[in-house]
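The residues making up each chain are set out below.
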Amino acid sequence: MTADSRPLDNLLGAIRACRLCEAHLPLGPRPVLRASPTARLLIVGQAPGTRVHASGVPWDDASGRRLREWLQVDAPTFYDESRVAIVPMGFCYPGRAGGGDAPPRPECRATWHGTLLPMLPAVGLTLLIGQYAQAYFLGSHRGATLTDTVRAWREYAPDVVPLPHPSPRNVAWFKANPWFDDEVLPALRASVARVLGPT
Ligand code: SF4
(Lines give C-alpha, C1' and ligand atoms only; values in the text may rest on other atoms or scores of the structure.)
Protein backbone atom coordinates (compact mmCIF):
# COMPACT_ATOMS: atom_id res chain seq x y z
CA MET A 1 0.00 0.00 0.00
CA THR A 2 1.32 3.41 -0.87
CA ALA A 3 0.30 6.45 1.07
CA ASP A 4 1.48 10.04 1.26
CA SER A 5 2.85 10.32 4.77
CA ARG A 6 3.75 14.02 4.56
CA PRO A 7 0.55 15.51 6.04
CA LEU A 8 0.71 13.08 8.93
CA ASP A 9 4.44 13.64 9.38
CA ASN A 10 3.80 17.39 9.53
CA LEU A 11 1.10 16.91 12.14
CA LEU A 12 3.29 14.59 14.20
CA GLY A 13 6.01 17.23 14.09
CA ALA A 14 3.59 19.82 15.42
CA ILE A 15 2.42 17.47 18.18
CA ARG A 16 5.99 16.68 19.21
CA ALA A 17 6.65 20.41 19.53
CA CYS A 18 3.47 20.98 21.58
CA ARG A 19 3.82 22.77 24.92
CA LEU A 20 0.16 23.66 25.31
CA CYS A 21 -0.37 22.37 28.83
CA GLU A 22 3.24 22.64 29.96
CA ALA A 23 2.24 24.41 33.18
CA HIS A 24 0.37 21.28 34.31
CA LEU A 25 3.07 18.71 33.46
CA PRO A 26 5.42 17.95 36.36
CA LEU A 27 8.10 16.46 34.09
CA GLY A 28 7.46 18.82 31.20
CA PRO A 29 6.15 18.05 27.71
CA ARG A 30 7.33 14.88 25.99
CA PRO A 31 4.64 13.62 23.64
CA VAL A 32 4.92 9.86 23.07
CA LEU A 33 2.96 8.47 20.13
CA ARG A 34 3.45 6.63 16.85
CA ALA A 35 1.39 6.71 13.69
CA SER A 36 1.61 6.12 9.97
CA PRO A 37 -0.99 6.20 7.18
CA THR A 38 -0.52 2.46 6.60
CA ALA A 39 -1.13 1.33 10.21
CA ARG A 40 -3.79 -1.38 10.43
CA LEU A 41 -4.02 -1.62 14.23
CA LEU A 42 -4.67 1.44 16.41
CA ILE A 43 -3.96 1.22 20.13
CA VAL A 44 -5.48 4.01 22.20
CA GLY A 45 -4.34 4.06 25.79
CA GLN A 46 -4.39 6.58 28.61
CA ALA A 47 -1.12 8.52 28.88
CA PRO A 48 2.57 7.75 29.38
CA GLY A 49 3.82 6.83 32.84
CA THR A 50 7.18 7.94 34.20
CA ARG A 51 9.09 5.06 32.60
CA VAL A 52 7.64 5.76 29.17
CA HIS A 53 8.26 9.47 29.67
CA ALA A 54 11.93 8.66 30.32
CA SER A 55 12.40 6.25 27.41
CA GLY A 56 10.10 7.87 24.87
CA VAL A 57 8.98 4.35 23.91
CA PRO A 58 5.25 3.66 24.38
CA TRP A 59 4.22 0.63 26.43
CA ASP A 60 7.85 0.11 27.43
CA ASP A 61 6.86 -1.32 30.81
CA ALA A 62 5.07 -4.18 32.57
CA SER A 63 1.74 -3.02 31.16
CA GLY A 64 3.17 -3.22 27.65
CA ARG A 65 4.46 -6.73 28.21
CA ARG A 66 1.01 -7.85 29.32
CA LEU A 67 -0.61 -6.06 26.40
CA ARG A 68 1.66 -7.81 23.90
CA GLU A 69 0.82 -11.12 25.58
CA TRP A 70 -2.87 -10.34 25.26
CA LEU A 71 -2.41 -9.56 21.55
CA GLN A 72 0.06 -12.40 20.91
CA VAL A 73 2.20 -9.88 19.09
CA ASP A 74 5.97 -9.75 19.45
CA ALA A 75 7.84 -6.53 20.20
CA PRO A 76 9.21 -5.97 16.65
CA THR A 77 5.68 -6.14 15.25
CA PHE A 78 4.21 -4.05 18.07
CA TYR A 79 6.77 -1.32 17.41
CA ASP A 80 6.49 -1.43 13.61
CA GLU A 81 4.71 1.87 13.14
CA SER A 82 3.91 1.04 9.51
CA ARG A 83 1.55 -1.59 10.98
CA VAL A 84 0.67 -0.41 14.49
CA ALA A 85 -0.31 3.13 15.54
CA ILE A 86 -0.04 3.95 19.23
CA VAL A 87 -2.03 7.06 20.13
CA PRO A 88 -2.88 7.61 23.80
CA MET A 89 -5.57 10.03 24.95
CA GLY A 90 -2.86 12.17 26.50
CA PHE A 91 0.55 12.30 24.82
CA CYS A 92 2.59 13.53 27.82
CA TYR A 93 3.00 12.20 31.37
CA PRO A 94 0.30 14.04 33.38
CA GLY A 95 1.66 13.55 36.91
CA ARG A 96 0.07 11.87 39.91
CA ALA A 97 -3.36 12.16 41.49
CA GLY A 98 -5.22 10.12 44.07
CA GLY A 99 -2.61 7.37 44.44
CA GLY A 100 -2.21 6.76 40.70
CA ASP A 101 -1.38 8.61 37.53
CA ALA A 102 -3.50 11.68 36.85
CA PRO A 103 -6.02 11.57 33.99
CA PRO A 104 -4.73 12.39 30.52
CA ARG A 105 -4.66 16.14 29.94
CA PRO A 106 -7.90 17.26 28.24
CA GLU A 107 -6.01 19.74 26.04
CA CYS A 108 -4.64 16.84 24.02
CA ARG A 109 -7.92 15.44 22.78
CA ALA A 110 -9.37 18.93 22.37
CA THR A 111 -6.45 19.98 20.18
CA TRP A 112 -5.05 16.97 18.37
CA HIS A 113 -7.16 13.83 18.17
CA GLY A 114 -9.85 15.20 15.89
CA THR A 115 -7.22 16.00 13.26
CA LEU A 116 -4.92 13.04 13.83
CA LEU A 117 -7.35 10.12 13.84
CA PRO A 118 -8.84 10.77 10.35
CA MET A 119 -5.26 10.65 9.03
CA LEU A 120 -5.10 6.93 9.80
CA PRO A 121 -7.27 5.60 6.95
CA ALA A 122 -5.94 2.02 6.95
CA VAL A 123 -6.92 1.21 10.53
CA GLY A 124 -9.09 -1.91 10.65
CA LEU A 125 -9.07 -2.50 14.39
CA THR A 126 -9.04 -0.03 17.27
CA LEU A 127 -8.25 -1.08 20.82
CA LEU A 128 -9.73 1.21 23.48
CA ILE A 129 -7.70 0.71 26.62
CA GLY A 130 -9.23 2.17 29.74
CA GLN A 131 -12.06 4.52 30.55
CA TYR A 132 -10.71 7.65 28.86
CA ALA A 133 -10.31 6.05 25.44
CA GLN A 134 -13.71 4.39 25.79
CA ALA A 135 -15.36 7.67 26.77
CA TYR A 136 -13.87 9.51 23.78
CA PHE A 137 -14.58 6.87 21.13
CA LEU A 138 -17.80 5.29 22.40
CA GLY A 139 -19.49 8.25 24.09
CA SER A 140 -23.02 7.32 25.12
CA HIS A 141 -22.57 3.83 23.68
CA ARG A 142 -20.27 2.73 26.49
CA GLY A 143 -21.53 0.90 29.57
CA ALA A 144 -22.07 2.36 33.02
CA THR A 145 -18.70 1.01 34.14
CA LEU A 146 -15.52 -0.11 32.43
CA THR A 147 -16.40 -3.71 33.32
CA ASP A 148 -19.82 -3.32 31.68
CA THR A 149 -18.21 -1.88 28.55
CA VAL A 150 -15.60 -4.62 28.26
CA ARG A 151 -18.17 -7.34 28.97
CA ALA A 152 -20.28 -5.98 26.09
CA TRP A 153 -17.32 -6.31 23.69
CA ARG A 154 -19.45 -8.10 21.07
CA GLU A 155 -21.48 -4.91 20.56
CA TYR A 156 -18.39 -3.10 19.26
CA ALA A 157 -16.90 -5.94 17.21
CA PRO A 158 -15.30 -6.40 14.76
CA ASP A 159 -13.66 -2.99 14.38
CA VAL A 160 -13.37 -1.89 18.01
CA VAL A 161 -12.39 -3.79 21.16
CA PRO A 162 -12.71 -2.11 24.59
CA LEU A 163 -10.14 -3.36 27.08
CA PRO A 164 -9.15 -2.79 30.70
CA HIS A 165 -5.73 -1.33 31.32
CA PRO A 166 -3.15 -4.16 31.39
CA SER A 167 -1.41 -2.61 34.39
CA PRO A 168 -0.19 -4.89 37.21
CA ARG A 169 -2.41 -2.71 39.40
CA ASN A 170 -5.42 -4.39 37.78
CA VAL A 171 -4.52 -7.98 38.69
CA ALA A 172 -7.48 -8.14 41.07
CA TRP A 173 -9.80 -7.18 38.20
CA PHE A 174 -8.35 -9.90 35.97
CA LYS A 175 -8.91 -12.49 38.71
CA ALA A 176 -12.44 -11.29 39.40
CA ASN A 177 -13.43 -11.41 35.72
CA PRO A 178 -12.28 -14.75 34.28
CA TRP A 179 -14.60 -14.31 31.27
CA PHE A 180 -12.08 -11.75 30.03
CA ASP A 181 -9.38 -14.41 29.57
CA ASP A 182 -11.86 -17.03 28.39
CA GLU A 183 -13.91 -14.98 25.91
CA VAL A 184 -12.38 -11.63 25.10
CA LEU A 185 -8.73 -12.56 24.62
CA PRO A 186 -9.32 -15.30 22.03
CA ALA A 187 -11.57 -12.96 20.03
CA LEU A 188 -9.06 -10.14 20.43
CA ARG A 189 -6.22 -12.31 19.13
CA ALA A 190 -8.27 -13.37 16.13
CA SER A 191 -9.08 -9.74 15.33
CA VAL A 192 -5.44 -8.69 15.64
CA ALA A 193 -4.37 -11.54 13.35
CA ARG A 194 -7.03 -10.47 10.86
CA VAL A 195 -5.60 -6.97 10.49
CA LEU A 196 -1.89 -7.68 10.96
CA GLY A 197 -1.60 -11.02 9.25
CA PRO A 198 1.26 -13.36 10.24
CA THR A 199 3.63 -11.83 12.82
S1 SF4 B 1 -0.25 16.62 26.93
FE2 SF4 B 1 -0.92 17.03 24.81
S3 SF4 B 1 -1.65 19.18 24.84
FE4 SF4 B 1 -0.33 18.89 26.68
S5 SF4 B 1 1.77 19.50 26.02
FE6 SF4 B 1 1.59 17.25 25.72
S7 SF4 B 1 0.95 17.05 23.56
FE8 SF4 B 1 0.51 19.18 24.16
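Check the entry above for the structure.
Residues numbered from 1 in each chain as written. Predicted model: local features only at pLDDT ≥ 70, side-chain atom pairs only at ≥ 80, totals over all residues. Heavy atoms only, no water.

Trainee: Which parts of the structure should I look at to understand the overall build of the protein?
Mentor: Across its full length, the protein carries nine helices and six strands. The C-alpha radius of gyration computed for the protein amounts to 16 Å, which stays within 12% of the reference 16 Å derived for 199 residues, consistent with globular compactness. Expressed along its principal axes, the backbone C-alpha trace of the protein runs to roughly 45 × 45 × 35 Å. When burial is assessed residue by residue, the protein has 47% of its 199 residues classed as buried. Of all intrachain contacts in the protein linking residues separated by at least 6 positions in sequence, the fraction that spans at least 24 positions is 72%. Just so you have it, the protein exposes about 9,400 Å², and 52% of that area is on carbon and sulfur atoms. (Helix = DSSP H or I, 4+ residues; strand = E, 2+ residues; numbered from the N terminus. Rg over C-alpha atoms; globule rule 2.2 N^0.38 Å. Buried < 20%, exposed > 50% of the residue type's maximum accessible area, 1.4 Å probe, protein only. Contact = heavy atoms within 4.5 Å. Areas by Shrake-Rupley, 256 points an atom, 1.4 Å probe, with all protein chains shown as cover.)

Trainee: What's the story with the pairing of strand β5 (residues 125-129) in this structure? I'm lost.
Mentor: Every other side chain in a regular strand lies on the same face of the sheet, so the side chains alternate between the two faces. Burial within β5 is extensive, with five of its five residues counted as buried. The alternating pattern of β5 places L125, L127 and I129 on one face and T126 and L128 on the opposite face, and all of these are buried. Bridging between strand β1 (residues 41-44) and β5 involves four bridges; their strand directions are parallel. Across the sheet, the residue bridging to L41 is L125, located in β5. (Pairing = 2+ DSSP bridges.)

Trainee: Would you mind going over the site of the ligand with me for this structure?
Mentor: All residues in the neighbourhood of the ligand are listed as C18, R19, L20, C21, L25, P31, F91, C92, E107 and C108. Among the detected pockets, the ligand sits in the largest cavity. (Near = heavy atom within 4 Å. 1 Å grid on protein atoms, 1.4 Å probe; cavity = no way out; pocket = protein on both sides within 12 Å on 5 of 7 lines; lining within 4 Å. Sits in = over half its atoms within 2 Å of the grid points.)

Trainee: So what exactly am I meant to see when it comes to the sheet that holds strand β2 (residues 84-86) here?
Mentor: The strands making up a sheet are joined through hydrogen bonds of the backbone, oriented either antiparallel or parallel. In space, the four strands of this open sheet follow the order β2-β1-β5-β6, with parallel pairing throughout. A single partner strand is all that each edge strand has here, and the edge strands are β2 and β6 (160-163). Each strand of the sheet is rotated relative to its neighbour by a mean of 15°, with strand direction disregarded. Taken together, the three bridges between β1 and β2 define a ladder with parallel strand orientation. Looking across to β2, one finds that L42 is bridged to A85. Of the strands in this sheet, β1, β5 and β6 are in contact with helix α6 (residues 131-138), which crosses β5 at around 130°. (Axes fitted to C-alpha atoms, helices over the stretch in contact; angles between N-to-C directions.)

Trainee: Would you take a moment to explain the side chain of D61 for this structure?
Mentor: Examined against the element boundaries, D61 turns out to sit in the loop between α2 (50-55) and α3 (62-71). It is R51 that comes nearest to the buried, bridge-free D61 among opposite-charge side chains, at 6.3 Å. With residues near it in sequence (within four places) discarded, D61 still touches R51 and V52. (Lys, Arg positive; Asp, Glu negative; His and termini not counted. Salt bridge = Lys/Arg side-chain N within 4 Å of Asp/Glu carboxyl O.)

Trainee: I'm lost on the packing of helix α1 (residues 6-16) against helix α5 (residues 106-116) in this one. Help?
Mentor: How two helices sit against one another is set out by the angle between their axes and by the gap between those axes. Two elements in contact, α1 and α5, have axes separated by 11 Å at closest approach and are oriented at 165°. Our classification of the angle between α1 and α5 gives roughly antiparallel. You can see that α1 and α5 cross each other, and the crossing is left-handed. Each of L8, L11, L12, A14 and I15 in α1 lies in contact with α5, whose residues at this interface are W112, T115 and L116. Classifying every residue of the contact of α1 with α5 by side-chain character gives seven nonpolar, one polar and no charged. (Parallel < 35°, antiparallel > 145°, perpendicular 65-115°, else oblique. Left-handed = near helix turned anticlockwise from the far one by under 90°. Nonpolar A, V, L, I, M, F, W, Y, C, P; charged D, E, K, R; others polar.)

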